[in-house]
Amino acid sequence: MARYYVIEPDAECRTVLWSEDSDKKAKAKKLDGTYVLKTDRQDLTTEEIWRSYILLTRVEDAFRT
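Source: prediction; values computed, not measured. (Residues numbered from 1 in each chain as written. Predicted model: local features only at pLDDT ≥ 70, side-chain atom pairs only at ≥ 80, totals over all residues. Heavy atoms only, no water.)

Colleague: Talk me through the overall build of the chain; I want residue IDs and the actual numbers.
Modeller: Along its length, the chain carries two helices and two strands. When its helices and strands are written in sequence order, the chain yields β-β-α-α. Relative to the compact-globule value of 11 Å for 65 residues, the chain shows a C-alpha radius of gyration of 19 Å, a clear excess of over 25%. The proportion of buried residues among the 65 residues of the chain is 3%. Taking contacts inside the chain between residues at least 6 apart in sequence as the whole, the part at least 24 apart equals 3%. For the chain, the accessible surface area stands at approximately 6700 Å², while carbon and sulfur atoms represent 54% of it. (Helix = DSSP H or I, 4+ residues; strand = E, 2+ residues; numbered from the N terminus. Rg over C-alpha atoms; globule rule 2.2 N^0.38 Å. Buried < 20%, exposed > 50% of the residue type's maximum accessible area, 1.4 Å probe, protein only. Contact = heavy atoms within 4.5 Å. Areas by Shrake-Rupley, 256 points an atom, 1.4 Å probe, with all protein chains shown as cover.)

Colleague: Any details on the pattern of salt bridges? Residues and values, ideally.
Modeller: Opposite charge on two side chains permits them to pair, given that their charged atoms come into close proximity. This structure, assessed with the given rule, holds four salt bridges. Put simply, lysine 25 and glutamate 20 hold a salt bridge, and the shortest N to O gap is 3.1 Å. The salt bridge partner of glutamate 47 is arginine 51, with a shortest N-O separation of 2.6 Å. Within this pair, glutamate 47 and its partner arginine 51 are both found in helix H2 (residues 46–64), separated by four residues, close to a single helical turn. Residue arginine 51 is classed as exposed on the basis of its relative accessible area of 57%. (Salt bridge = Lys/Arg side-chain N within 4 Å of Asp/Glu carboxyl O.)

Colleague: Residue-level account of a nonpolar patch on the surface, with values.
Modeller: Together, Ile7, Val16 and Trp18 make up an exposed nonpolar region whose accessible area comes to about 360 Å². Relative to the helices and strands, tryptophan 18 is located in strand S2 (residues 15–20). (Patch = residues over 30% accessible without salt bridge, like charges linked within 9 Å, V, L, I, M, F, W, Y side chains within 5 Å.)

Colleague: Could you give an account of the packing of aromatic side chains, naming the residues involved and the relevant values?
Modeller: Per the counting criterion, the structure on display carries two aromatic pairs. Between tryptophan 50 and tyrosine 53, the ring centres sit 5.5 Å apart and the planes meet at 40°, which makes this aromatic pair tilted. With a gap of three residues between them, tryptophan 50 and tyrosine 53 both fall in helix H2, about one helical turn apart. For tyrosine 53, a relative accessible area of 27% corresponds to the partly exposed category. (Phe/Tyr/Trp six-rings, centres within 6.5 Å; stacked < 30°, edge-to-face > 60°.)

What follows is the structure, given as structure tokens:
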């Protein structure tokens, strides 16, 4: 969520000021909700393909960490 807001601490008033970055939010909303996975595997169901994709992203994340 932080990427869609501009957040600035105000030390004098001991508060945090924030405002929505509507341009970034609008761009992200256009891309939200759609995945297209391409594979040549004929032996997998759509659910198995999705699970394999999620597993791959988790493994890649673990290597990044």
